[in-house]
Amino acid sequence: MFIKKAIAFFSIFLLLLLISCKSKEVANNKNDATLTTQNNSVENKTYNKDKTMLLVTRYTNDINPRKTINYSVLDSKSKKVLKSGVFTGMKLEWFTLHQLKGYLNVGMIEKEPDAVMLKDAKNKNIVIIDIN
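Below: a short report on this structure. (Residues numbered from 1 in each chain as written. Predicted model: local features only at pLDDT ≥ 70, side-chain atom pairs only at ≥ 80, totals over all residues. Heavy atoms only, no water.)

The next thing to look at is the overall build of the chain. When its secondary structure is counted, the chain shows two helices and seven strands. When the helices and strands of the chain are listed from N to C terminus, the series reads α-β-β-β-β-β-β-α-β. For the chain, the residues scored as buried account for 17% of the 132 residues in total. Considering only contacts within the chain whose residues lie at least 6 apart along the sequence, 31% involve residues at least 24 apart. For the chain, the exposed surface amounts to about 11,500 Å²; the carbon and sulfur share of it is 58%. (Helix = DSSP H or I, 4+ residues; strand = E, 2+ residues; numbered from the N terminus. Buried < 20%, exposed > 50% of the residue type's maximum accessible area, 1.4 Å probe, protein only. Contact = heavy atoms within 4.5 Å. Areas by Shrake-Rupley, 256 points an atom, 1.4 Å probe, with all protein chains shown as cover.)

Following this line, the structure appears as structure tokens:
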């Protein structure tokens, strides 16, 4: 009796094994997945403190912290371009009424001793752009 049950169990197990192992031909999908990155273009408009000038910045928003920023400064009343150019860094904003402050990208640098850093207290990571 036990042998008949063992043979029946073994035959069912062998049958399930053969059924589950049948080969299927995998169809090639003609829609190959391609990796495409979308760079979103960002445009910001900001006025200076007395709202006489308008700063328009354009850059692509991607994972790189260093951005190439196209900027133009317009007179708010006449919309005449007072200054335009390209700034490469992290951020560009108003500093004073007639100056822009640009933040340069800070990469990995070797740390200098504290005495050298205290002697030269200027911030080398900021650029001031005059508008005249």
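The next point concerns the sheet that holds strand β1 (residues 40-47). By definition, the strands of a sheet pair up through backbone hydrogen bonds, in either a parallel or an antiparallel sense. Here we have four strands laid out as an open sheet, ordered β1-β2-β3-β4, and antiparallel in their pairing. Of all strands in the sheet, those bounded by a partner on one side alone are β1 and β4 (81-89). Each neighbouring strand pair of the sheet contributes to a mean axis angle of 15°, computed without reference to strand direction. Strand direction decides the pairing type here: strand β3 (residues 67-75) and β4, joined by eight bridges, are antiparallel. In the strand pairing of β4, Leu-74 is matched with Val-81. (Pairing = 2+ DSSP bridges. Axes fitted to C-alpha atoms, helices over the stretch in contact; angles between N-to-C directions.)

The values reported here are purely geometric and, on their own, carry no functional implication.
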